[in-house]
Amino acid sequence: MHNIKMKYKIITMAAVTMAFAACSKNQKPIDLTNEKKPEADKYQTSMVSEKALSSSARLPGQLKPFNEVNIFPKVNGFVKTLYVDRGSVVKKGQLLVTLEAPEMESQLQVANSRYLQAQENAVASKEKYERLKQAAAVPGSVSPLDIDNALSRMKADDAMANAERSNVAAVRTMGGYLNIYAPFDGMIIERNVSPGALVSPGKPTDQAMLVLQDINKLRLVVYIPEDYVDKVDLDEPVNFTFNAMPGQQHTAKISRSANALSTMHQEAVEIDVPNKNDMLKPGMYAEVQIPMRSGAKSILVPNTAIVRSTERQYVITVHNGKTAYADIKEGLTTRDSTEVFGDLKPGSFIITNANDEIKPGVAIASR
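Residues numbered from 1 in each chain as written. Predicted model: local features only at pLDDT ≥ 70, side-chain atom pairs only at ≥ 80, totals over all residues. Heavy atoms only, no water.

Undergrad: Help me understand the overall build of the protein chain, please; the structure alone is not making it clear to me.
TA: Looking only at helices and strands, the protein chain has four helices and 21 strands in total. In the protein chain, which comprises 367 residues, the share counted as buried stands at 31%. Here the contacts in the protein chain between residues at least 6 apart in sequence split such that 76% fall between residues at least 24 apart. Accessible surface for the protein chain amounts to roughly 23900 Å². Of this, 53% is attributable to carbon and sulfur atoms. (Helix = DSSP H or I, 4+ residues; strand = E, 2+ residues; numbered from the N terminus. Buried < 20%, exposed > 50% of the residue type's maximum accessible area, 1.4 Å probe, protein only. Contact = heavy atoms within 4.5 Å. Areas by Shrake-Rupley, 256 points an atom, 1.4 Å probe, with all protein chains shown as cover.)

Structure, rendered in structure tokens:
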């Protein structure tokens, strides 16, 4: 019996040994320390420094016609004849549209009749006054009161005749508005009416009969952000390339600036671009290198350091070992970095691989 128990113990110990050996080959030891990596190993930090701006800023621009006008009639009328269409090249003073308004012919006839009548009255009053004046040479033949009355009537009729003559001129001027001429050299880019259409002066928001653009010279409009308006060098040449013509670089000088900020806090500058071969079209986009004055400095941060949300833009700073949010506003952007403005000073530490999961007050070591 004793021998049987001993054999059972030996067999049991051998089975346990084999099971433990099998487990040790397939499983790794479990780390029971449950240590977490420090925050300093999770996030990268860097020191903010103030660097000189590049000699130029790359900004988008758009071509606009040098002159553009929506052509409306000055009086109500029907379109009688259209002499131009979309794409027509016109000269200043060229007849574009003829309108017809039958009521104006009637008005002119009435005005002429009234003027002729007033003129006849003025002539008759003048002759009557001259006769009384001659008769007054004989003492006692004409009373002074009759002469005064005749003089007043002559002046009144003469004034009425002048008024009617002015009225005729006004009606004729209105009739002249039935002919519409080009205000400057250019090209018709829109034609929105046809013969027989009723047109009226309307409002600026109404559809125009014709749209005329001067495309012999174009304006390249570039909007400068508010933070750079005092750094732009207006005297240096500007290089620009049109997106539709890659590889063709153009050079010109800034022709004029708005000297005021728009509602988007930007200042518009314009560059006059000749269009000799009519290769450029209004609306084309360009990439413009705006020259900056030397010595201008700004704070640049890595693009990955900026956290953007629908409510704010910020970077995460590290101060006294704790994270904090610093609201910023973006400026010029390059491939690797972005210029920022806000409550951020040189020498501050920021997290370069920031995200919105990092909350304020997290302990982190700045390195």
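Structure shown, so let's carry the discussion forward.
Undergrad: Just to check I follow, could you spell out helix H4 (residues 144-176) for this structure?
TA: Structurally, the α-helix is built with 3.6 residues per turn, so residues lying three or four positions apart point the same way. Its 33 residues place the ends of H4 48 Å apart at the C-alpha level, agreeing with the 48 Å of an ideal helix rising 1.5 Å per residue. Looking at the buried positions of H4, the neighbouring elements they touch are helix H3 (102-135). (Expected span 1.5 Å × (residues − 1).)

Undergrad: What is the right way to read the environment of Pro 237 from this model?
TA: Residue position: Pro 237 is located in strand S11 (residues 237-242). We classify Pro 237 as partly exposed; its relative accessible area is 39%. When the C-alpha atoms of Pro 237 and Gln 289 are compared, they prove to be 9.3 Å apart, with 52 residues separating the residues in sequence. With sequence-adjacent residues up to four places away left out, Pro 237 is seen in contact with Thr 251, Ala 252, Lys 253 and Pro 291.

Undergrad: For this particular structure, what's the right way to read the packing of aromatic side chains?
TA: Aromatic ring pairs are defined here through the distance separating the ring centres and the angle between the ring planes. Overall, the coordinates contain three aromatic pairs when judged by the stated rule. Where Tyr 228 meets Phe 341, the ring centres are 6.1 Å apart and the plane angle is 75°; that geometry is what we call edge-to-face. Taken together, the residues span a long stretch of sequence, with Tyr 228 in the loop between strand S10 (210-225) and S11 and Phe 341 in strand S20 (residues 337-342) at a distance of 113 residues. Judged by its relative accessible area of 1%, Tyr 228 is buried. It is Lys 217 that lies over the ring of Phe 66; its NZ or CZ is 4.4 Å from the centre. Arg 312 extends its terminal NZ or CZ atom over the ring of Tyr 314, reaching a point 5.0 Å from the ring centre. (Phe/Tyr/Trp six-rings, centres within 6.5 Å; stacked < 30°, edge-to-face > 60°. Lys NZ or Arg CZ within 6 Å of the ring centre and 35° of its normal.)

Undergrad: How should the nonpolar core be read in this particular structure?
TA: One broad trend across soluble globular proteins is that nonpolar side chains are buried collectively. Core analysis: the largest hydrophobic core is formed by 26 residues, its most contacted members being Leu 220, Phe 240, Ile 271 and Val 288. Sorting the residues of this core by element identifies strand S3 (56-71), S10, S11, strand S14 (266-274) and strand S15 (285-291) as the ones contributing at least two each. Per-element tally for this core: the top contributor is S10, with five residues. Not counting residues within four places of it along the chain, the set of residues in contact with Val 288 comprises Ala 57, Arg 58, Leu 59, Gly 61, Leu 220, Val 222, Val 238, Asn 239, Phe 240 and Ile 271. Residues Val 75, Leu 96, Ile 180 and Ile 188 belong to the second largest nonpolar core, which totals 21 residues. (Core = buried A, V, L, I, M, F, W, Y, C linked by side-chain atoms within 4.5 Å.)

Undergrad: Help me understand the pairing of strand S8 (residues 186-191), please; the structure alone is not making it clear to me.
TA: The side chains of a regular strand alternate between the sheet's two faces. Relative to S8, strand S5 (residues 89-90) runs antiparallel, the two sharing two bridges. The residue bridging Val 90 from the neighbouring strand is Gly 186, located in S8. Across four bridges, the pairing between S8 and S10 is antiparallel. If you follow Met 187 over to S10, its bridge partner there is Gln 213. (Pairing = 2+ DSSP bridges.)

Undergrad: Any chance you could explain H3 here in plain terms?
TA: With 34 residues, H3 should cover 50 Å at 1.5 Å per step; its first-to-last C-alpha distance of 51 Å lies within 8% of that length. Of the positions making up H3, those classed as buried are Met 104, Ala 111, Tyr 115, Ala 118, Ala 122, Ser 125 and Tyr 129. Along its buried surface, H3 packs onto H4.

Undergrad: Would you mind showing me how to read the environment of Asp 356 here?
TA: Mapped onto the fold, Asp 356 is located in the segment after strand S21 (349-351). Asp 356 sits 50 residues away from Ile 306 along the chain, and the two C-alpha atoms are 9.7 Å apart. In this structure, Asp 356 is in contact with Val 307, Tyr 314 and Tyr 325, ignoring residues within four places of it in sequence.

Undergrad: Can you walk me through unusual backbone geometry in this structure?
TA: Excluding glycine, a negative phi dihedral is what most residues carry, and trans is how most peptide bonds are arranged. Look at His 265: it is not a glycine, yet its phi comes out positive at around 60°. According to the relative accessible area criterion, His 265 is partly exposed, its value standing at 47%. Positive phi values are uncommon outside glycine, yet Asp 278 reaches one of about 55°. On the secondary structure map, Asp 278 appears in the loop between S14 and S15. Judged by its relative accessible area of 36%, Asp 278 falls in the partly exposed class.

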